[in-house]
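Architecture and fold: a report
These are the residues of each chain, in order.
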Amino acid sequence: MIATHSFKGRRVALFGLGGSGIATALALKEGGADVLAWDDNPDSVAKADGEGIPTGDLRAADWGRFASFVLSPGVPLTHPKPHWTVELARGAGVEIIGDVELFCRERTLRAPDAPFIAITGTNGKSTTTALTAHILKSAGRDAQMGGNIGRAVMTLDEPRRDRYYVVECSSYQIDLAPSINPTAGVLLNLTPDHLDRHGTMQHYASIKERLVAGSDTAIIGVDDSYCLQIADRLERAGRHVIRISKRLSLTDGYFADGTNLMEAEHGRYSRVGFLEGIGSLRGQHNAQNALAAVAACLKVGLDLGEIQAGLESFPGLVHRMEQVGRKDHVLFVNDSKATNADAAAPALSSFPRIYWIAGGLPKEGGIESLRGNFSRIARAYLIGEAAPAFSATLGEAVPYEISGTLAAAVEHAARDAALDTGGEAVVLLSPACASFDQYKNFEVRGEAFRQAVHAIEGVTPIGGKGP
């Protein structure tokens with residue numbers, strides 16, 4: 001835990017007592033703050049009481065006594081309308097911050113030289129965060145990973161000069177972190193997302209920009225117009241910007257040339273890494289993730305040998321293009337985290353011969369946007385509520401069956417892929433749907449896929465997770 005000594009003796013209101021909220025309240029209490037916490041869910045309040053956290057209805061509190069208000073990132077700050085606690089805090093002139101802001105202030109107070117890599121973007125931030133932390137750990141560094149992935153940021157180990165922090169930041173967390181100041185800030189990409197919470201794309205982009213604007217070095221993917229404008233704007237303001245691209249040959253920055261990761265400096269090129277043969281980093285989207293990790297790790301002092309070793313040993317994220325097994329020429333890939341068409345597109349574009357398991361609880365737009373990848377699909381196996389709609393979209397373009405259940409889909413896809421004589425065949429679970437019609441969440445769905453694959457006779461598990 002990171003005890004928040006910077007709030008010692010100050011009265012702090014806190015709303016939102018989920019896992020990260022309780023961790024934040026305990027960190028404040030440990031650091032000597034006078035905390036009053038609340039949640040709209042009575043069960044969450046009861047759990048906090050059990051942890052020894054002082055609780056009380058913030059509607060009845062004297063807001064004039066609070067120095068700060070810590071808000072859970074899951075609670076609306078601006079859209080569709082501010083939460084009632086936000087209105088009370090603003091009315092009393094109390095600053096509104098989140099757990100990432102507490103971390104930043106504590107690092108600044110106690111170990112301002114501790115290397116801090118903060119990563120955001122609409123897509124790819126979890127993989128990039130995990131990859132960056134893995135490279136650091138494999139190089140023998142004390143790497144702490146958390147934020148919007150894994151551990152709540154305030155449960156990481158105490159700031160220390162030789163301790164490296166890799167923090168994934170959602171737009172909600174950045175919105176509550178006005179002094180965020182990473183050593184290296186990464187902005188991967190921007191596409192419309194979470195507009196129900198941010199109102200407009202321009203507002204969403206402006207929030208994401210704050211992370212790189214406050215960085216010593218801003219590492220920005222320039223393959224979309226929003227990020228390109230941000231990179232240009234920060235450079236004009238005199239900030240240190242490193243551009244990365246998965247599809248453009250840059251004059252300055254880092255870019256992908258096939259599986260080679262290249263650095264450009266005034267038009268002179270050198271290779272800084274390669275992804276050839278690294279199954280966990282297949283696809284153009286992973287080239288961008290790797291470029292960001294390389295740039296960030298170089299910024300905090302690693303050498304190219306350490307970085308390449310980390311790239312080669314990266315196991316990948318669970319449920320995100322995760323290789324779970326192989327039988328002869330058939331590879332089984334778990335991409336259960338692909339809960340909409342946009343999220344499924346990277347996996348579909350990464351393999352040339354796919355036996356695709358798709359379906360579940362459908363999202364708006366279905367799979368029409370994936371039509372450009374249909375030529376890669378040897379056959380589709382449709383499950384869940386989306387099966388009829390998906391079959392109508394596939395039509396005569398892709399052979400398909402309505403398998404109904406995941407177990408049946410795995411069995412049939414494995415059988416058909418085994419008969420494929422066209423080289424490597426991939427049985428891919430990339431549902432392009434939510435899981436809630438058949439499973440509690442995408443993690444449970446992905447684990448069911450893994451277990452079904454490992455139950456197939458002759459399959460060799462990948463990643464050390466057997467039946």
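In this report, we go over the structure that sits alongside the text.

What counts, and where the lines are drawn
- Residues numbered from 1 in each chain as written.
- Predicted model: local features only at pLDDT ≥ 70, side-chain atom pairs only at ≥ 80, totals over all residues.
- Heavy atoms only, no water.
- Pairing = 2+ DSSP bridges.
- Helix = DSSP H or I, 4+ residues; strand = E, 2+ residues; numbered from the N terminus.
- Axes fitted to C-alpha atoms, helices over the stretch in contact; angles between N-to-C directions.
- Contact = heavy atoms within 4.5 Å.
- Phe/Tyr/Trp six-rings, centres within 6.5 Å; stacked < 30°, edge-to-face > 60°.
- Lys NZ or Arg CZ within 6 Å of the ring centre and 35° of its normal.
- 1 Å grid on protein atoms, 1.4 Å probe; cavity = no way out; pocket = protein on both sides within 12 Å on 5 of 7 lines; lining within 4 Å.
- Points joined across faces, edges and corners; volume = space filled by probe spheres on them.
- Nonpolar A, V, L, I, M, F, W, Y, C, P; charged D, E, K, R; others polar.
- Buried < 20%, exposed > 50% of the residue type's maximum accessible area, 1.4 Å probe, protein only.
- Polar contact = N/O pair within 3.5 Å; in protein donor to acceptor, adjacent residues only side chain to side chain.

Some remarks on the sheet that holds strand E8 (residues 184-187)
The strand order across the open sheet built from 9 strands is E6-E7-E5-E8-E9-E10-E11-E12-E13, with neighbouring strands paired in mixed fashion. With one partner strand each, in any of the chains shown, strand E6 (142-147) and strand E13 (268-274) form the two edges of the open sheet. Each strand of the sheet is rotated relative to its neighbour by a mean of 20 degrees, with strand direction disregarded. Sheet topology note: the E6/strand E7 (residues 163-168) ladder contains 6 bridges and is parallel. Residue pairing across strands places Met-145 opposite Val-166, the latter belonging to E7. Along the sheet, helix H9 (residues 225-236) contacts E8, strand E9 (217-221) and strand E10 (241-245); its crossing angle with E10, the most-contacted strand, is approximately 160 degrees.

Quick word on the packing of aromatic side chains
Scanning the model with the defined rule gives 6 aromatic pairs in all. Ring centres of Phe-15 and Trp-84 lie 5.8 Å apart, and the angle between their planes is 75 degrees; this geometry places the pair in the edge-to-face category. Residue Phe-15 is found in strand E1 (residues 11-15), and its partner Trp-84 is found in helix H3 (residues 84-91); the two are separated by 69 residues along the sequence. An aromatic cluster of three or more residues is present, and its members are Trp-63, Phe-66 and Phe-69. The lysine or arginine in question, Arg-59, covers the ring of Trp-84, its NZ or CZ lying 3.9 Å from the ring centre.

So, the layout of surface pockets
Estimated volume of the second largest pocket: approximately 270 Å³. Lining the second largest pocket are 12 residues; nearest its centre among them are Pro-315, Gly-316, Val-318, Glu-322 and Gly-463. A per-class count over the lining of the second largest pocket returns 5 nonpolar, 4 polar and 3 charged.

A few points about the pairing of E9
Two faces make up the sheet, and in a regular strand the side chains alternate between them. Counting buried positions along E9 gives 5 out of 5 residues, so the element sits mostly inside the fold. With 4 bridges connecting them, E8 and E9 associate as parallel partners. Within E9, the residue paired with Val-186 across the bridge is Ile-219. In the sheet, E9 pairs with E10 via 4 bridges, with the strands oriented parallel. In the sheet register, Gly-221 faces E10, and the bridge partner there is Ile-244.

A closer look at the sheet that holds strand E18 (residues 377-383)
The strand order E19-E18-E16-E20-E15-E14-E22 describes an open sheet built from 7 strands, whose pairing is mixed. Across the chains shown, the open sheet's two edge strands, defined by having one partner strand only, are strand E19 (400-404) and strand E22 (460-461). Sheet analysis places strand E16 (residues 354-359) next to E18, joined by 6 bridges and oriented parallel. Bridge pairing links Ile-354 to Ile-377 in E18. Along the sheet face, helix H13 (residues 387-394) touches E16, E18 and E19 and points at about 155 degrees away from the line of E18.

Regarding the side chain of Thr-183
Here Thr-183 lies in the loop between helix H6 (171-175) and E8. Within polar-contact distance, the side chain of Thr-183 engages the side chain of Arg-107 at 3.4 Å. Filtering out sequence-adjacent residues up to four positions away, Thr-183 remains in contact with Arg-107, Ala-114, Pro-115, Phe-116, Asp-216, Thr-217, Lys-299 and Val-300.

Description of empty space enclosed by the protein
Counted by the stated rule, this structure contains 2 cavities of 30 Å³ or more. Lining the largest cavity, in full, are Leu-14, Phe-15, Gly-16, Ser-20, Gly-21, Thr-24, Val-70, Leu-71, Ser-72, Pro-73, Gly-98 and Asp-99. When residues of the lining of the largest cavity are assigned to their parent elements, the largest contribution, 3 residues, is made by helix H1 (residues 19-30). A class-by-class count of the residues in the lining of the largest cavity yields 5 nonpolar, 6 polar and 1 charged. Put simply, the second largest cavity is a space of about 50 Å³. Taken together, Ser-72, Pro-73, Val-75, Leu-77, Thr-78, Tyr-172, Asp-175, Leu-176, Arg-197 and His-198 make up the full set of residues lining the second largest cavity.

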